[in-house]
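Chain by chain, the residues:
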Amino acid sequence: MVAYDEWATLQIEEGVKKQKLLALENLISTGIIQREETSMEQEIAGQCQGRFHLADVMYFSKKGCEVVAEDEVTRRFSSEELVSWNLLSRTNANLHHASWQLTVVWVIGILFRYCLLMPFRVCLAVFSILLLVSATTVVGQFPNGRVKCWLSNQVQMICATLGVRGLGGLVHFHNRENRPQEGGICVANHTSPLDVLILASDGCYSLVGQAHGGLLGLIQKSCMQTTQHVLFERSEMKDCHLVRKKIREHIADKTNLPILIFPEGTCINNTSVMMFKKGSFEVGGTIHPVAIKYDPRFGDAFWNSTKYSMMTHIFNVMTSWAIVCNVWYLPPMVKEEEEDAVHFANRVKAVIAARGGMSVLPWDGGLKRKKVKESFKEEQQKKYCQIVIENGSVGNGNVC
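Residues numbered from 1 in each chain as written. Predicted model: local features only at pLDDT ≥ 70, side-chain atom pairs only at ≥ 80, totals over all residues. Heavy atoms only, no water.

**Q** I keep staring at empty space enclosed by the protein and nothing clicks. Help me out?
**A** Which parts of space are left empty comes out when a probe the size of a water molecule is rolled across the atoms. Applying the stated criterion across every chain yields a total of three cavities of 30 Å³ or more. If you go around the largest cavity, the residues you meet are Glu-80, Thr-191, Asn-269, Asn-270, Tyr-294, Pro-296, Gly-299, Asp-300, Ala-301 and Phe-302. Residues of the lining of the largest cavity, tallied by class, amount to four nonpolar, four polar and two charged. (1 Å grid on protein atoms, 1.4 Å probe; cavity = no way out; pocket = protein on both sides within 12 Å on 5 of 7 lines; lining within 4 Å. Points joined across faces, edges and corners; volume = space filled by probe spheres on them. Nonpolar A, V, L, I, M, F, W, Y, C, P; charged D, E, K, R; others polar.)

**Q** What am I meant to see in helix H7 (residues 214-224) here?
**A** The α-helix winds at 3.6 residues per turn, so residues separated by three or four positions along the chain end up facing the same way. The set of residues buried in H7 consists of Gly-217, Gln-220, Ser-222 and Cys-223. Considering only its buried residues, H7 is in contact with helix H4 (100-139), helix H5 (146-166), strand S3 (206-210) and strand S4 (230-232). (Buried < 20%, exposed > 50% of the residue type's maximum accessible area, 1.4 Å probe, protein only. Helix = DSSP H or I, 4+ residues; strand = E, 2+ residues; numbered from the N terminus. Contact = heavy atoms within 4.5 Å.)

**Q** When you look at the side chain of Asn-153 in this model, what are you seeing that I'm missing?
**A** Turning to its location among the elements, Asn-153 is positioned in helix H5. On the accessibility criterion, Asn-153 (18% relative accessible area) is buried. When sequence neighbours within four positions are dropped, the list of residues in contact with Asn-153 reads Cys-204 and Leu-257.

**Q** So what exactly am I meant to see when it comes to the environment of Ile-261 here?
**A** Checked against the element boundaries, Ile-261 lands in strand S5 (residues 259-261). By relative accessible area, which is 9% here, Ile-261 ends up buried. Sequence-wise, Ile-261 and Val-208 are 53 residues apart; in three dimensions their C-alpha atoms are separated by 6.1 Å. When neighbours within four sequence positions are excluded, Ile-261 is seen to be in contact with Ile-185, Cys-186, Val-187, Ala-188, Val-208, Ile-247 and Ser-280.

**Q** Explanation requested: H5 in the structure shown.
**A** Between its first and last C-alpha atoms H5 spans 30 Å; for 21 residues at 1.5 Å apiece the expected length is 30 Å, and the two agree. What H5 keeps buried is the set Lys-148, Ser-152, Asn-153, Val-155, Gln-156, Cys-159, Ala-160, Gly-163, Val-164 and Gly-166. Each buried residue of H5 sits inside an arc of 165 degrees when the element is viewed along its axis, so together they form one side. Exposed residues on H5 whose side chains face more than 90 degrees from its buried face are Arg-146, Val-147 and Trp-150. Looking at the buried positions of H5, the neighbouring elements they touch are H4, strand S1 (169-174), helix H6 (194-200), H7 and helix H10 (310-318). (Expected span 1.5 Å × (residues − 1). Arc of directions from axis to C-beta.)

**Q** Where do I start with unusual backbone geometry in this structure?
**A** Note: most peptide bonds trans; most residues except glycine with negative phi. In the Ramachandran plot, Asn-175 falls in the positive-phi region, its phi being about 55 degrees despite a non-glycine side chain. Looking at the element boundaries, Asn-175 is found in the loop between S1 and strand S2 (185-188). Here the phi dihedral of Asn-270 falls at roughly 70 degrees; this positive angle occurs in a residue that is not glycine. With respect to the element layout, Asn-270 can be found in the loop between S5 and strand S6 (272-273). For Asn-270, a relative accessible area of 4% puts it in the buried group.

**Q** Help me understand the nonpolar core, please; the structure alone is not making it clear to me.
**A** Judged by nonpolar contacts, the single largest core of 25 residues is most densely connected at Ile-185, Val-187, Phe-281 and Val-348. Sorting elements by how many residues they give to this core places helix H11 (residues 341-356) first, with six residues. The residues touching Val-187, leaving out its near neighbours within four places in the chain, are Ile-261, Pro-263, Phe-281, Ile-287, His-288, Pro-289, Val-290, Val-348 and Ile-352. Judged by nonpolar contacts, the second largest core, of 24 residues, contains Phe-173, Leu-194, Tyr-294 and Met-318. (Core = buried A, V, L, I, M, F, W, Y, C linked by side-chain atoms within 4.5 Å.)

**Q** Even after reading the chapter, I still don't get the state of the cysteines, so can you show me in this structure?
**A** Covalent bonding between the sulfur atoms of two cysteines is what defines a disulfide. Under the criterion given, the structure shown has zero disulfides. Left unpaired, Cys-149 is separated from the closest cysteine sulfur, that of Cys-204, by 7.9 Å. The thiol of Cys-159 is not disulfide-bonded; the next cysteine sulfur, from Cys-223, is found 8.3 Å away. With relative accessibility at 7%, the residue Cys-159 sits in the buried group. (Disulfide = S-S within 2.5 Å.)

Structure representation (structure tokens):
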């Protein structure tokens, strides 16, 4: 009996060792090192003990090295790394070897996607654009009234649905009783221009954005013939007061379609929700949050606009397996008394992130193309000064 117990104990210990080795090999193979996230207050305040230490500089040096290796912001501007290969482009640079059986399956998948799926999708997308242009031209000749409004909504929803199918979209809508109502503001996280098509296939919206040229400009002009949209020239987009004024005038009329806004201002890779611009939360009105979550296992919906053009992105989407998406309509929200626009925007952002299973980041999505603002640097400096002051270093001459 004693010998059996010893044997069982050894087996358990060997099993634990094997699990630890497998976990370590997995971390090494994926190139991901898990580290505990601690705040400045936890790391520095516990060491100060009422004195200023020159060693505090090591905290900032360590954080700088970590950011150079991998920071939590710039990786949101590249495609999400998948745990397993989906037979599309590789997302893990450490994986180089594939068996010949898997290679055969991959080649068959290429033939299926490029020779069968893509031609069908291209034909459907072209048909939807031609239908939109011709139908809006006809409906635009009708006198303003309920008939024109109803026809316009039907045309746009049908064309948007065809467009989603043409891009291989498979969308699941949840809680449709919370869909945005007339005179409201719909805000959602932003991953791709597909977001607009997906939402427009289930309801009609007035869009807020910059006027474009080319194919996108043609679609915008067609929609403007039958629906009121808030479009701006590039020079006007920099005038925040003018933008807020036009939005406020639009939502003042409760018969107008709800406005669709993406407060992040840029496309994020659908793993997190970044800072919401406060402008759309200053105009008043009811906010209708919408959470959009894509399944990257079937296709990458994220548009990396710094790396790919619009046409390249559409080509990548059309040659993927599918664009599987879940959309949650969340209960409407209004700004509370004595709540400023920034706190209201953060509250809406937190609700969207929680429903979509995404992390919340305080950083501005504009960091994709711009440098960090001086205000962010000053905030960290003030936080450190506050730690030193609270520990009694200043004024006591306690310096090591």
